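So you can see what is in the structure, the chains are spelled out below.
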Amino acid sequence: MKAIPLYGLETFAIAARHLSFTKAAQEMNLTQGAVSQQIRQLEERLGLTLFIRHHRRLELSVAGARLAVQVNHSFSEISGLIADLKEEESSTILTVSVMPSFATKWLIPRLGSLQEKYPELQLRIQANEREVNFQRDRIDVAIVHSHLLARHSGQVIPLLKDKVFPVCSPAFANDRQLVSPAQLATVPLLNDDSEWRFSSPYAEWDKWLQLAKAKGVKPSRGISFNRGDLAVQAAVAGQGVALGRTPLVMDDIQQGRLVQPFTDSLDEGHAYLFVCPDAQRQRDAVQQLLAWLVEECYAYAPLDCLTTPDDLVQLGVAPE
């Protein structure tokens, strides 16, 4: 069967509600003849009689009555969806998926700045370790940890490089007199295995130790955590040496709660990325959040910031 024109179904629904072609014509600003012709064409297209035509009145046929119920229900659902979409388009509420460690150590301490700059913007933050499904989880945008070459659908804006290096409290470094990576064989190591769930939980330690040419160190004898912020917090508390990710430890280093006892940093091309479905990217709220994130990342670590405020102009980001 050929596609059914929506205007024909709309005309039918109105005529069915009034049981009058004349009243339907008045509501639609058409002539009675035009309405009658559209109904006739619809009946021919469907191969159904929708109205029983009496001398001075109309009556729905059995098929017409059933179709009217379904058409009205469908139009009501479509109208509701359109209203929801319009509300979402103009809404200042954003649901943001963020990795728990990044939320705790980087995002949350900076939210006051966001509220000051965009007081109407409302975030619903969902701490999320798993891969984001925007449609299923009703997520508007996400900040994810990924390799820069990994594929993501929608708009992808790289925010911060993710370098990895050992950190510990100043007191711990002084007490153990840490000067050589080889000394890690004699101190408690704090492992974050959340990023390496599909390989060895000690893979990052193994890679960094290889980079630093530190032999005889066994990360497996240390304490493991399933979140990076927990390992960092244990290091702040003086419990050992953790591998710090750049965005998760720089505040603690700058404020003197952590130190970097060795110079080597592991950089395998991972980063924190802003990911947004194409359908969301033009929303004012999304552009405001993105602009703020880029500005904050650039102020936080300009050498590790992968997108600068100047880049936003080329990306067409113009927050109101």
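Anything mentioned here points back to the structure above.
(A) Just the pattern of salt bridges, in detail. One pass over the structure, following the stated rule, counts 17 salt bridges. Between Glu43 and Arg53 there is a salt bridge; the shortest N-O distance is 3.0 Å. With Glu43 in helix H3 (residues 32–46) and Arg53 in strand S1 (residues 51–53), this pair connects stretches of sequence that are 10 residues apart. Classification of Glu43 as buried rests on a relative accessible area of 11%. Arg53 gets classed as partly exposed once you look at its relative accessible area, which sits at 40%. Among the salt bridges present, the one from Arg227 reaches Asp229, with a minimum N-O distance of 2.7 Å. For Asp229, a relative accessible area of 6% translates into the label buried. Salt bridges sharing partners connect three or more residues here, namely Asp162, Asp192, Glu204 and Arg245.

(B) Structural detail: the environment of Glu10. Within the element layout of this structure, Glu10 appears in helix H1 (residues 6–18). Sequence separation between Glu10 and Asn72 is 62 residues, and the spatial gap between their C-alpha atoms is 8.9 Å.

(C) Highlighting helix H11 (residues 246–254). When we look at burial in H11, the residues that qualify are Thr246, Pro247, Leu248, Val249, Asp251 and Asp252. Just past H11, the residue Gly256 takes up positive phi, approximately 80 degrees.

Reading the values: rules and limits
Residues numbered from 1 in each chain as written. Predicted model: local features only at pLDDT ≥ 70, side-chain atom pairs only at ≥ 80, totals over all residues. Heavy atoms only, no water. Salt bridge = Lys/Arg side-chain N within 4 Å of Asp/Glu carboxyl O. Helix = DSSP H or I, 4+ residues; strand = E, 2+ residues; numbered from the N terminus. Buried < 20%, exposed > 50% of the residue type's maximum accessible area, 1.4 Å probe, protein only.

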